[in-house]
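Coordinates in review
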Amino acid sequence: MTHGLEPTEEYDGSITVRLLDDRSGTEEIRCSSYEDAIDRVKERQHAVTAAKIVAGDGSVVFTSADMDIDDWESVWRREKRRQSVQVEAHDCPHDSVSCFPDDLCIRCQIDKVRDGY
């Protein structure tokens, strides 16, 4: 069992920053998180023609030709917060108010392990 908080998001390194430069071509940087990708774009956006953030499914979620990275980051953080407060309904058999489908209370965790055997 781990001590401390579990991460709320996981990334498989499939987020890519694509830097397009008219002189040197295209450079791709693998990122471990959207925060990392945002930092990479901020570091290099003025030295290249265009910067893009590409999600794991290949969709371009940000391009500097369409939007400023600070504006996009603000929208992204707001959406991330909005999604984190939307929680599925969960009826805890132990009547714990802090029991959620993706974050079970201790008693439900014990039940889940017990039921697995």
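Scroll up to find the structure.
To keep things clear, this report deals only with the structure shown in the data block.

What counts, and where the lines are drawn
Residues numbered from 1 in each chain as written. Predicted model: local features only at pLDDT ≥ 70, side-chain atom pairs only at ≥ 80, totals over all residues. Heavy atoms only, no water. Helix = DSSP H or I, 4+ residues; strand = E, 2+ residues; numbered from the N terminus. Buried < 20%, exposed > 50% of the residue type's maximum accessible area, 1.4 Å probe, protein only. Areas by Shrake-Rupley, 256 points an atom, 1.4 Å probe, with all protein chains shown as cover. Polar contact = N/O pair within 3.5 Å; in protein donor to acceptor, adjacent residues only side chain to side chain. Pairing = 2+ DSSP bridges. Axes fitted to C-alpha atoms, helices over the stretch in contact; angles between N-to-C directions. Contact = heavy atoms within 4.5 Å.

1. Some details on the overall build of the protein chain
Helix and strand counts for the protein chain stand at three helices and four strands. In the protein chain, the succession of helices and strands from N to C terminus is β-β-α-β-β-α-α. Looking at the protein chain as a whole, 28% of its 117 residues qualify as buried. By element, 49% of the accessible surface of the protein chain is carried by carbon and sulfur atoms, the whole surface being about 8700 Å².

2. Side note on the side chain of Gln45
Locating Gln45 in the fold gives a position in the loop between helix H1 (34–44) and strand S3 (50–54). Taking the relative accessible area as the measure of exposure, Gln45 reaches 18% and is therefore buried. At 3.3 Å, the side chain of Gln45 and the side chain of His46 are in polar contact.

3. A closer look at the sheet that holds strand S2 (residues 25–31)
Pairing in this open sheet of four strands is antiparallel, and the strands run S2-S1-S3-S4 from one edge to the other. Pairing within the sheet leaves two strands with one partner each, and these edge strands are S2 and strand S4 (60–63). Neighbouring strand axes in the sheet, compared pairwise and without regard to direction, differ in orientation by 20° on average.

4. Quick word on the environment of Val60
Residue position: Val60 is located in strand S4. Judged by its relative accessible area of 42%, Val60 is partly exposed. When the C-alpha positions of Val60 and Arg18 are compared, they lie 9.6 Å apart, and in sequence the two are 42 residues distant. The contacts of Val60, once residues within four sequence positions are left out, are Lys52, Ile53 and Val54.

5. Things to note about the pairing of S4
One face of the sheet, then the other: side chains in a regular strand alternate in exactly this way. For S3 and S4, the ladder comprises three bridges, and the chain directions are antiparallel. Its bridge partner being in S4, Ile53 is matched across the sheet by Phe62. Two successive antiparallel strands, S3 and S4, enclose a turn made up of five residues, where Gly58 displays a positive phi of approximately 90°.

Purely geometric numbers; function is a separate question.
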